[in-house]
Amino acid sequence: MKTVTQQSSSSRHVASNDILIRYNAHTISNDNINELIFSDDCCGVVNKCEKLTSQRDCLLSETTGIAIHRWEIKTNSSSIATEAEMDELTCILQDLQNGSISHGISAPTNPSRFSENTKKNEVDKYEVIPSSEIGQNKRLCLPEIFFSKAFLSLKYNIILSSNSNEEPSEKNITSEHAEITFNAKDALCEWAECQSHLPHPQDISDAQDKSNQSYRGVSVLKTIDAKLWEDRHQKQLQKQFNNKHVPMNHSTEFHYDWTFSTPYCGTVFHSDKDLFWNPKSTSGFDLSLLTDQSVPILYFDNIRMYEDDMHDNGYVNLSCKIRVMPKCFFLLMSLFVRVDYVTIRVKEVRFFCKFDENGRVWRDVTWRECQWKDLETYGLPSKPAMWRSEEEGCASSSLGGNRSHQQRLQMMIKRLPKSALPDDVPEYSFVDLQQQQNKK
């Protein structure tokens, strides 16, 4: 069992104020988040940033993000959830699995449409239930390490102007905005709702493969020793009940995806209308901007959402990385799952935005998976140590050092075969946050 960290580590990098001023950007902090967003004149942002230059050290200690063009990009690392927070979320997830409520961002009637208000209303009506009242009836468990308040937010401020390239000011800014957020709670809620679509093992005939039941990428996996243990324990239960039918509450079957393989792609919200991800046949990412090393990185952060070592049977980690440059931003949300000697699974969602495209955000989704027994078929190693991720603390001389191992791991991941996406998740798509009408 690895050592549990009490605080989600942050890899935040913020450019110096003189660089931010050069590109008409500024930091957002807890104290000045309201007063620094907009100014009376087009040069106000620069003037305010100049005043803060001498206070850089103090400001960075309170920095929560960066404002550039019409975007407010904020990140927050978090401590591990308290017992009360874990109990509350466990109750919500359990009801989602049982189908007694539905989560607004998971597989809606229109699969590309999201209702943030519905989700919030459903979650808010729940009361905190003490762990003593959950008892043995709890069938879902949270990841061992769950950063309850970790998030990444991309907020786009809508302006009303005949000139779409006009910078926001008090004259044209409105309260209307759009936002794409990423947090562990929404990710796990979408994961839990998928559980309600998985059949109970007792409802699956012997002719069907119980290990091949999946819904939107969520399935129940077993370690190589799990089946042997279940058979042995089942015989003990049958002997206890005199070879009669074993009651369901004594079943040894897993009833949930203990790898926490959520299909979550972020939460989208608009203050005044519904938003749609419009499918495209190709990616809209501008690689020339992403690979341009002549411009500085204005802001970078790596936010860990949750992780678990699956009782020493592997590792799962969900994280978000954001990189902001003068002309664009790039975000990668990655779910890495390793079940030793069973499977390797990677779900990656990439977001890209050029600041001169008036709120258009591009999204690429890639899922990859390979059964352990097939790794060598793709020329990939079958030793679990070679698949250890950065968050597991894999730096060691036997692996050639952390940096070189991570580069090797990323190359290995790219060689994993792609797996099918859910019908409601296009491989390439975009959403227009500024436009009142969707563009095709």
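About the cut-offs
- Residues numbered from 1 in each chain as written.
- Predicted model: local features only at pLDDT ≥ 70, side-chain atom pairs only at ≥ 80, totals over all residues.
- Heavy atoms only, no water.
- Helix = DSSP H or I, 4+ residues; strand = E, 2+ residues; numbered from the N terminus.
- Buried < 20%, exposed > 50% of the residue type's maximum accessible area, 1.4 Å probe, protein only.
- Contact = heavy atoms within 4.5 Å.
- Areas by Shrake-Rupley, 256 points an atom, 1.4 Å probe, with all protein chains shown as cover.
- Phe/Tyr/Trp six-rings, centres within 6.5 Å; stacked < 30°, edge-to-face > 60°.
- Lys NZ or Arg CZ within 6 Å of the ring centre and 35° of its normal.
- Expected span 1.5 Å × (residues − 1).
- pLDDT = per-residue confidence, 0-100.
- Core = buried A, V, L, I, M, F, W, Y, C linked by side-chain atoms within 4.5 Å.
- Salt bridge = Lys/Arg side-chain N within 4 Å of Asp/Glu carboxyl O.
- Pairing = 2+ DSSP bridges.
- Lys, Arg positive; Asp, Glu negative; His and termini not counted.
- Axes fitted to C-alpha atoms, helices over the stretch in contact; angles between N-to-C directions.
- Left-handed = near helix turned anticlockwise from the far one by under 90°.
- Nonpolar A, V, L, I, M, F, W, Y, C, P; charged D, E, K, R; others polar.
- Polar contact = N/O pair within 3.5 Å; in protein donor to acceptor, adjacent residues only side chain to side chain.

**Observations concerning the overall build of the protein chain**
- Helix and strand counts for the protein chain stand at 10 helices and 17 strands.
- Counting all 440 residues of the protein chain, 50% fall into the buried class.
- Residue pairs in contact within the protein chain that sit at least 24 positions apart in sequence constitute 73% of those at least 6 positions apart.
- Only carbon and sulfur atoms are counted for the fraction: they give 47% of the accessible area of the protein chain, which is about 21400 Å².

**Section: the packing of aromatic side chains**
- Scanning the model with the defined rule gives 11 aromatic pairs in all.
- Judged by centre distance (6.2 Å) and plane angle (65 degrees), the ring pair of Phe 260 and Tyr 306 falls under edge-to-face. With a gap of 46 residues between them, Phe 260 in the loop between helix H8 (226-240) and strand E10 (267-270) and Tyr 306 in strand E12 (residues 299-308) connect regions that are remote in the sequence.
- Its relative accessible area of 3% is what places Phe 260 among the buried residues.
- You can call Tyr 306 buried: its relative accessible area is 0%.
- Taken together through their ring pairs, the aromatic side chains of Trp 71, Tyr 156, Phe 329 and Phe 355 make up a single cluster.
- Above the face of the Phe 430 ring, Arg 360 is positioned so that its terminal group lies 4.0 Å from the ring centre.
- Between the NZ or CZ atom of Arg 363 and the centre of the ring of Trp 277, over which it lies, the distance is 4.4 Å.

**Digging into the environment of Lys 354**
- Here Lys 354 is to be found in strand E15 (residues 343-354).
- Classification of Lys 354 as buried rests on a relative accessible area of 19%.
- In this structure, the C-alpha to C-alpha distance between Lys 354 and Asp 286, residues 68 residues apart in sequence, is 8.3 Å.

**Section: helix H4 (residues 83-98)**
- Here H4 spans 22 Å end to end across 16 residues, near enough to the 22 Å set by a 1.5 Å rise per residue.
- Those residues of H4 lying buried are Met 86, Asp 87, Leu 89, Thr 90, Cys 91, Ile 92, Leu 93, Gln 94, Leu 96 and Gln 97.
- Positive backbone phi, at 80 degrees, marks Gly 99, one or two positions downstream of H4.

**With respect to the confidence of the model for the protein chain**
- On average, residues of the protein chain score 76 in pLDDT, and 63% of them reach the 70 mark or higher.
- Between residues 1-5, whose pLDDT stays under 50, and residues either more than four places distant or in other chains, the model counts 13 contacts.
- Every residue in residues 248-252 scores below 50 in pLDDT, and together they form nine contacts with partners more than four places removed in sequence or on other chains.

**Comments concerning the nonpolar core**
- Residues Trp 71, Leu 93, Leu 154, Phe 182 and Tyr 306 are the most contacted members of the largest nonpolar core, which totals 75 residues.
- Here this core takes seven residues from helix H7 (residues 184-195), the largest share from any one element.
- Counting residues in each nonpolar core, the second largest holds 13 residues, with Phe 336, Val 346, Met 412 and Leu 416 among its members.

**Side note on the pattern of salt bridges**
- Overall, the coordinates contain 12 salt bridges when judged by the stated rule.
- A salt bridge links Arg 12 to Asp 301, with the shortest nitrogen-to-oxygen separation between them at 3.1 Å. With Arg 12 in the segment before strand E1 (13-14) and Asp 301 in strand E12, this residue pair connects regions lying 289 residues apart in the sequence.
- For Arg 12, a relative accessible area of 29% puts it in the partly exposed group.
- Among the ionic pairs, Glu 348 bridges to Arg 350, the shortest N-O distance being 3.0 Å.
- Bridged by salt links that share partners, the residues Glu 190, Arg 216 and Asp 424 form one connected network.

**Notes on the pairing of strand E6 (residues 151-159)**
- Counted residue by residue, E6 has seven buried out of nine residues, so it is predominantly covered.
- Of the strand pairs in this sheet, strand E4 (residues 71-76) and E6 are connected by six bridges, and their pairing is antiparallel. By the bridge assignment, Trp 71 is partnered in E6 with Tyr 156.

**What about the side chain of Arg 363?**
- Within the element layout of this structure, Arg 363 appears in strand E16 (residues 360-371).
- Asp 424 is the oppositely charged side chain nearest to the buried, salt-bridge-free Arg 363, at an N-O distance of 7.5 Å.
- Contact partners of Arg 363, with chain neighbours within four places excluded, come to Cys 265, Trp 277, Phe 285, Val 349, Arg 350, Phe 351, Val 425, Pro 426, Glu 427, Tyr 428 and Ser 429.

**A short note on the packing of H4 against H7**
- Packing of H4 against H7 brings their axes to within 7 Å, and their N-to-C directions diverge by 35 degrees. Crossing handedness for the pair H4 and H7: right-handed. Packed against H4, whose contacting residues are Leu 89, Ile 92, Leu 93, Leu 96 and Gln 97, the element H7 presents Lys 185, Leu 188, Cys 189, Trp 191, Ala 192, Glu 193 and Gln 195 at the interface.
- Class assignment for the residues of the contact of H4 with H7 results in eight nonpolar, two polar and two charged.

**So, H7**
- Taking 1.5 Å as the rise per residue, H7 with 12 residues should run 16 Å; its terminal C-alpha atoms sit 17 Å apart, in good agreement.
- With respect to burial, H7 is a largely interior element, 11 of its 12 residues being buried.
- Every buried residue belonging to H7 is among Ala 184, Asp 186, Ala 187, Leu 188, Cys 189, Glu 190, Trp 191, Ala 192, Glu 193, Cys 194 and Gln 195, and all of these are buried.
- Between the side-chain oxygen of the N-cap and the backbone nitrogen of Lys 185 there are 3.2 Å, and the N-cap of H7 in question is Asn 183.

**A word on the environment of Asn 17**
- Looking at where Asn 17 falls in the secondary structure, it is placed in helix H1 (residues 17-22).
- Taking the C-alpha atoms as reference points, Asn 17 and Leu 298, separated by 281 residues in sequence, lie 9.6 Å from one another.

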